[in-house]
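Below, each chain spelled out in residue letters.
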Amino acid sequence: MVENNKYTNKYNFAFIDEATKKEIRRKLLKAVAIPGYQVPYSSPEMPISRGWGTGGLHVTLAIIGKDDVFKIIDQGSDASVNACNLREFVHQMTNCKTTYNTAEATLIQTRHRITEEELRDDQIYIYQVPQPEPLRSVERYEFKTRQMHGEADYAKMWVSLYESYVRDGDIMLGAGYPVMVNKRYILAPSPIPKWDVPNLNHSNALHLFGAGREKRLYAIPPYTIVDPLEFEDVKFHTENFSGTECYRTGYKKAFMDELYFDDGTKHFLINDSNFLDKLAEDMEPKQHANKYIDQL
Amino acid sequence: MSRNADNWLLKVTDLTKIYGEPNENTLALTGPEYNSNICPETDSIVACANISFDLYPGEVLGIVGESGSGKSTVVKLLYLDMEQTSGSARFMPYIDGSINMLDASSQKKRYIKNYLMGMVYQNPRDGLNFNFTSGGNIAEKLIMAGNYHVGDIRARASDLLIKTEIPVLRMDDQPVTFSGGMQQRVQISKAIANDPPLLFLDEVTTGLDVSVQAKVLDLIRELQQDLGITMIVVSHDLSVIRMLTDRTLVMKNGRVVEGGLTDQILQDPQHEYSQLLVSSLL
Amino acid sequence: MGYIAVKGGTDAIHNSQQLVEFYRLKDATTPLDIEQIRSQLRMAVDKVMGEGGMYAPEYAAIALKQSEGEVFEAAFILRAFRATLQRKYYSETLNTREMFIKRKISASFREIPGGQILGPTRDYTQRIIDTSKATENNEDIQKFLTEFRKGVDTEHLAEITTFAKVIDLLKNEGLLKPVDPNEDKTLADITREAIKFPAVRSARLQMMARAETGGLMALGYASMRGFGNVHPTVGELRYGPVPVRVKDASGRLRYIGKIEVTEAETISTGRTVKKKQPPSYTIGYGLCFGQNDTKAICMGILDTGMRSPDINSPANDQEFVLYHTEGIEAMGFTNHLKLPHYVTFQSDLKNLREAIKRSGKQKVEQPVSTE
């Protein structure tokens, strides 16, 4: 019998119906099996705008269980408006515990940052991805970029880096710096800053990427080799924050926000709000280690 | 330049490309004797049929014919830009010529094109990416062959530009700002960047001014003498063929009507079409 | 410090939502009745159903009320709701020959089987603002309805049923290009599988059926004006209800109701591939929910365009047309620019400052004002 409950307002656990969740999980398994490969998926409409984190939500809602502890950040902050909105939605639809504390979370959804605090192997890190195709800047057609990935035909991408260096003396790519995953696929690490890119390499955690509008899922499994694209003599580097320190904690080795106060003075503040809070409370959160931070 | 039956570089056998749906009479009803390459029964078009030849290391082979004769099709098939209807091509640098390279996977074909061949098209836009600088275009070919050192890439690019007589200062300019002759020279630099064993030249001087044509031809001849590259040169212009090639195939309506040493064909053409071509040259 | 990083994010959202409600209700006017919206804002409801991808006039009316008449937003709400419903059946192919004709016109022939039926259309009205609408009351409505019904011959009405289609006439005369046997006739379901390119025709038509009317119109218009090559004749445009049937578990066809659709069949001269073949017509097809002539016709134009790819015409380019007329995705992504981007911007800023430093100048030179 077809149900005919007028104006029904009941939703399935985690909003998405079980058949679709299963489909997303199957696609995620494929993504994990082929690190860096973009898997097309159904990408059902969410009650959240396209381009506002629907892909991340699909992943979160497809894999979340009743015992999960959910954290979500937007541009590094737990309290950013869109993060609040999505957190409330996930909470309403699952009744799962939510947290700001990176160490406490089992699922962390993010827009454009990796936490400064090191991730563990029992955590899953979920990215909201606006543009999953790293080659889009050099090739506008989807059917061609898929072929380029299939044949590992990446010369155009490399030439664009070469050209950037020739023009401006550096590879002028900022957030979303392209990386090579497992020596095979070039991947767009969502626009996380270069500061975060080295933390994808050999990470303890599983990293899942959801691009809702473009309908693609991809993954970096734990302990996978992730190399930023660089030439033998023109190297990748992270954002240079030398000479600056967090005005509240005096800490130097973190990605900083640049703030302008009312009197026009410029100050720097640690971007990762939970990391900042922990430092301010004299706790000692364990930070990701990588060779770029070590050099500071 | 030793030539004996066993040391060929490229062995082409019965290369055929037909568009449309041919039937069993298609090949019999087309060709120079019908002065047509369109099958009257099926409307299928025989771009080229039963092309066979051996190419030897260091040799320059010319393919001459009017437009529509199938000469460019032969080159596009051999440069793996399109797929053949039937026939084979074995290429010594690729697995010692033991298999038909035309049937390789697209990934393998990419390898062959990137590492083992070079191509200069009639239109520089087909061979160059006009959004990249001329240095970037050469870099693309070098990167394709696994060079990821910017310093080395730039050194090699400037060598090539000097060789093709382009001011090194223009290395970081886009070819869209260059003259037609310069664009063609950049295309040549790119094509030979990896010292390919085989280079294709498809109507490379068509569309250039006569004085510029001569310079580009001189350049190609010098490069051939300096580097000893094996080449296949396609042209409708017998004077280009005379200047560059050792041996020539004359094509008409998708078939080879005559083949032999270039000098011999020029002095004593056998087929009436070749005779027509030669007489128009004089 | 602006709307970021402060811990009051949740409160801010909550307050903003309260304000939305306040602005909707602040003048304390009579609440809009859903039935009123459904019947008096029929065209808006049709558009919302079409772009929302769900035939549910009542829900569309609620969505319109909820979104204060913003059609994009209403279509989005409907589509999100639709995503929570399970697909239990696939309907059998609609047979538009069974349509109860409310409107049927052809621009290609003066007379067509059953005649031209103008039906409800504003095409031949003067767009003069009718200020009497400002004072319209129930009495006026009743008066109009009584008058109108007097003029309707109910017996004659029964004669209007279904008619042969214009394309049948062309087909019988052998003027239509036969269906290409190589065309991929796979029936895609774009709501279950992401579209892949090159896309099969069924997927292209499904995408367009849910696309935004304005977007389709812009590209269809561009194609006709010269940035494309399709300038068709409207073979037939039909609007009316058609029956929907599904197969039940035992394989029997079951009638489940009627939906109203607009269907357009546009005629263009097809390109001949083979030399000796005579020219023929090709049909562009458009079908959308409710009454929406513009959308159905533009679908027809773009359907034809996409079947003859041409790199110089964006309107003939599948990826260009289908990705960018998808209104709900386009709206979402355009509006996402309002989200904070300070991390990505900081990364960019670092690059630019370093590059300026490398160039040896302090900052980019500003033009000197001549005043």
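Computed from a prediction, not measured in an experiment: that's the story for all the values here.

K.L.:
Just checking my understanding: could you explain the interface of chain B and chain A for this structure?
P.N.:
Interfaces are often sized by the accessible area lost when the parts come together. Counting from both sides, the interface comprises 17 residues of chain B and, opposite them, 13 residues of chain A. Ranked by residue count, the leading element in the side of chain B that touches chain A is helix α4 (residues 134–144) of chain B, at six residues. A breakdown of the residues in the side of chain B that touches chain A according to their chemical character gives seven nonpolar, seven polar and three charged.

K.L.:
In this structure, what is going on with the environment of Ile13 of chain C? I would like to understand it.
P.N.:
Among the structural elements, Ile13 of chain C can be located in helix α1 (residues 9–25). Of the residues examined, Ile13 of chain C has 15 C-beta atoms within 10 Å and is grouped as partly exposed. Residues within four places of Ile13 of chain C in sequence aside, it is in contact with Val81, Cys84 and Asn85 of chain A.

K.L.:
Explain the interface of chain A and chain C here, please?
P.N.:
Taken together, the 51 residues of chain A in the interface contact 42 residues of chain C. In terms of residue count, helix α3 (residues 81–94) of chain A provides more of the side of chain A that touches chain C than any other element does, six residues in total. Among the residues making up the side of chain A that touches chain C, the classes are represented as 20 nonpolar, 16 polar and 15 charged.

K.L.:
What's the story with helix α11 (residues 293–307) of chain C in this structure? I'm lost.
P.N.:
Residue pairs spaced three or four apart in an α-helix point in one direction, given the helix's 3.6 residues per turn. Given a rise of 1.5 Å per residue, 15 residues ought to cover 21 Å, and the 22 Å separating the end C-alpha atoms of α11 of chain C matches this to within 8%. Where burial is concerned, most of α11 of chain C is hidden: 13 out of the 15 residues are buried.

K.L.:
I'm lost on helix α9 (residues 201–210) of chain C in this one. Help?
P.N.:
Residue and element names in this part refer to chain C. In terms of burial, α9 is largely enclosed, as seven of its 10 residues are buried. Of all the positions in α9, only Ala203, Arg204, Gln206, Met207, Met208, Ala209 and Arg210 are classed as buried. Buried-residue contacts for α9 involve α3 (42–52), α10 (213–225), β4 (280–289), α11 and α12 (318–324).

K.L.:
What exactly am I supposed to notice about the domain arrangement of chain C here?
P.N.:
Residue and element names in this part refer to chain C. When the domains of chain C are assigned, the result is domain 1 (9–82) and domain 2 (96–120 + 132–331). Contacts between the two partners involve 13 residues from domain 1, matched on the other side by 14 residues from domain 2. Listed by contribution, the elements that provide at least two residues to the side of domain 1 that touches domain 2 are α3 and α5 (71–82). By residue number, the principal contributor to the side of domain 1 that touches domain 2 is α3, which donates seven residues. Of the residues contributing to the side of domain 1 that touches domain 2, the split by class is seven nonpolar, two polar and four charged.

K.L.:
Explanation requested: the packing of α5 of chain C against helix α13 (residues 327–335) of chain C in the structure shown.
P.N.:
Two quantities define a packed helix pair, namely the angle between the axes and the distance from one axis to the other. Residues and elements named next belong to chain C. Contact geometry of α5 with α13 gives a least axis separation of 10 Å together with a crossing angle of 110 degrees. Taken as axis vectors, α5 and α13 run roughly perpendicular relative to one another. Once α5 is placed against α13, the crossing between them reads as left-handed. Contacts between α5 and α13 pair Phe72, Ala75, Phe76 and Arg79 from the former with Gly327, Ile328 and Met331 from the latter. Here the contact of α5 with α13 is built from residues that sort into five nonpolar, one polar and one charged.

K.L.:
Where do I start with the nonpolar core in this structure?
P.N.:
Val48, Ala60, Ala63, Ala74, Leu78 and Leu302 of chain C are the most contacted members of the largest nonpolar core, which totals 107 residues. Counting contributing residues, this core receives three or more from each of domain 1 (9–82) and domain 2 (96–120 + 132–331) of chain C. In this view, Ala60 of chain C contacts Val45, Val48, Met49, Gly52, Ala74 and Leu78 of chain C; residues no more than four positions away in its chain are not counted. Tyr162 of chain A together with Ala47, Leu78 and Val257 of chain B belong to the second-largest nonpolar core, a separate cluster that totals 85 residues.

K.L.:
Looking at this model, I keep getting lost on the environment of Thr145 of chain A. Mind explaining?
P.N.:
Structurally, the position occupied by Thr145 of chain A is in helix α4 (residues 142–150). Along the sequence, Thr145 of chain A and Pro134 of chain A sit 11 residues apart, while their C-alpha atoms lie 9.0 Å from each other.

K.L.:
Sorry, what's going on with the environment of Ile141 of chain C here?
P.N.:
In this fold, Ile141 of chain C is placed in helix α6 (residues 138–150). The spacing of Ile141 of chain C and Ile190 of chain C is 49 residues in sequence and 43 Å in space, taken between C-alpha atoms.

K.L.:
What's the story with the sheet that holds strand β7 (residues 185–187) of chain A in this structure? I'm lost.
P.N.:
Backbone hydrogen bonds hold the strands of a sheet together, and the pairing may be parallel or antiparallel. All names here are of chain A. Taken together, three strands build an open sheet; the order of strands is β7-β6-β10 and the sheet is antiparallel. Bordering the open sheet on either side are β7 and β10 (226–228), each of which pairs with just one other strand. Looking at each pair of strands side by side, their axes are set apart by 35 degrees on average, direction ignored. Bridge count for strand β6 (residues 179–181) against β10 is three bridges, and the pairing is antiparallel. Bridged to Met180 within β10 is Asp227.

K.L.:
Whenever I open this one, the pairing of strand β9 (residues 255–261) of chain B confuses me. Can you help?
P.N.:
Two faces belong to every sheet, and in a regular strand the side chains alternate between them. All names here are of chain B. With six bridges joining them, strand β8 (residues 247–252) and β9 adopt antiparallel strand pairing. Directly across from Val250, in β9, lies its bridge partner Glu258. As consecutive antiparallel partners, β8 and β9 are separated by two residues, and within that stretch Asn253 has a phi angle of approximately 50 degrees, a positive value.

K.L.:
What should I look at first to understand the sheet that holds strand β8 (residues 206–211) of chain A in this one?
P.N.:
Residue and element names in this part refer to chain A. Pairing in this open sheet of seven strands is mixed, and the strands run β1-β9-β8-β5-β4-β2-β3 from one edge to the other. One side of each edge strand has no neighbouring strand; the edge strands of this open sheet are β1 (39–40) and β3 (97–98). Inspection of the sheet shows β8 paired to strand β9 (residues 216–220) by five bridges, in the antiparallel sense. Residue pairing across strands places Gly210 opposite Leu217, the latter belonging to β9. Packed onto the sheet, helix α1 (residues 18–33) meets β1, β8 and β9 and runs at close to 45 degrees relative to β9. Sitting on the sheet, helix α2 (residues 54–63) touches β4 (107–111), β5 (124–128), β8 and β9, and the angle it makes with β5 is about 150 degrees.

K.L.:
What is the right way to look at the packing of α9 of chain C against α11 of chain C in this model?
P.N.:
Residue and element names in this part refer to chain C. In contact at an axis separation of 11 Å, α9 and α11 are set at 150 degrees when each is read in the N-to-C sense. Judged by the angle between their axes, α9 and α11 are roughly antiparallel. Considering the relative orientation of α9 and α11, their crossing is right-handed. Between α9, through Arg204, Leu205 and Met208, and α11, the contact on the second element is made entirely by Met299, Leu302, Asp303 and Met306. Looking at the contact of α9 with α11, its residues break down into five nonpolar, no polar and two charged.

K.L.:
What's the story with the pairing of strand β6 (residues 198–202) of chain B in this structure? I'm lost.
P.N.:
Residues and elements named next belong to chain B. Among the five residues that make up β6, five are buried, leaving the element largely enclosed by the rest of the structure. Here β6 shows no split at all, with Leu198, Phe200 and Asp202 on one side and Leu199 and Leu201 on the other all buried. One ladder, built from four bridges, connects strand β5 (residues 117–120) with β6; its direction is parallel. Of the residues in β6, the one forming a bridge with Val120 is Leu201. Pairing geometry for β6 and strand β7 (residues 230–235), over five bridges, is parallel. Residue Asp202 lies in a different strand from β7, and its bridge partner there is Val234. Traced from β6 through helix α7 (residues 210–227) to β7, the parallel crossover comes out right-handed.

K.L.:
What is the right way to look at unusual backbone geometry in this model?
P.N.:
Negative phi values dominate among residues other than glycine, just as trans dominates among peptide bonds. Residue Phe197 of chain C is joined to Pro198 of chain C through a cis peptide bond whose omega torsion reads -5 degrees. Among the secondary structure elements, Pro198 of chain C is positioned in the loop between α8 (166–172) and α9. The backbone of Asn95 of chain A sits at a positive phi, close to 60 degrees, despite the residue not being glycine. Positioned with a positive phi, Ala28 of chain C is a non-glycine residue whose angle comes to about 50 degrees. Here Ala28 of chain C is to be found in the loop between α1 and α2 (34–40).

K.L.:
Just to check I follow, could you spell out the confidence of the model for chain C for this structure?
P.N.:
Note: predicted coordinates in regions of low pLDDT should not be interpreted at a detailed level. All names here are of chain C. For chain C, per-residue confidence averages 88 on the pLDDT scale, and residues scoring 70 or more make up 92% of the total. Note on residues 1–6: pLDDT is under 50 here. Beyond four places in sequence and across chains, it has 12 contacts. In the predicted assembly, ipTM is 0.88 and pTM is 0.87.

About the cut-offs
- Residues numbered from 1 in each chain as written.
- Chains lettered and ligands numbered in written order.
- Predicted model: local features only at pLDDT ≥ 70, side-chain atom pairs only at ≥ 80, totals over all residues.
- Contact = placed C-beta atoms within 7 Å.
- Helix = DSSP H or I, 4+ residues; strand = E, 2+ residues; numbered from the N terminus.
- Nonpolar A, V, L, I, M, F, W, Y, C, P; charged D, E, K, R; others polar.
- Buried ≥ 20, exposed ≤ 12 C-beta atoms within 10 Å, placed from the backbone.
- Expected span 1.5 Å × (residues − 1).
- Domains from an automatic or database assignment.
- Axes fitted to C-alpha atoms, helices over the stretch in contact; angles between N-to-C directions.
- Parallel < 35°, antiparallel > 145°, perpendicular 65-115°, else oblique.
- Left-handed = near helix turned anticlockwise from the far one by under 90°.
- Core = buried A, V, L, I, M, F, W, Y, C linked by C-beta atoms within 7 Å.
- Pairing = 2+ DSSP bridges.
- Right-handed = clockwise from strand over helix to strand, strands pointing away.
- pLDDT = per-residue confidence, 0-100.

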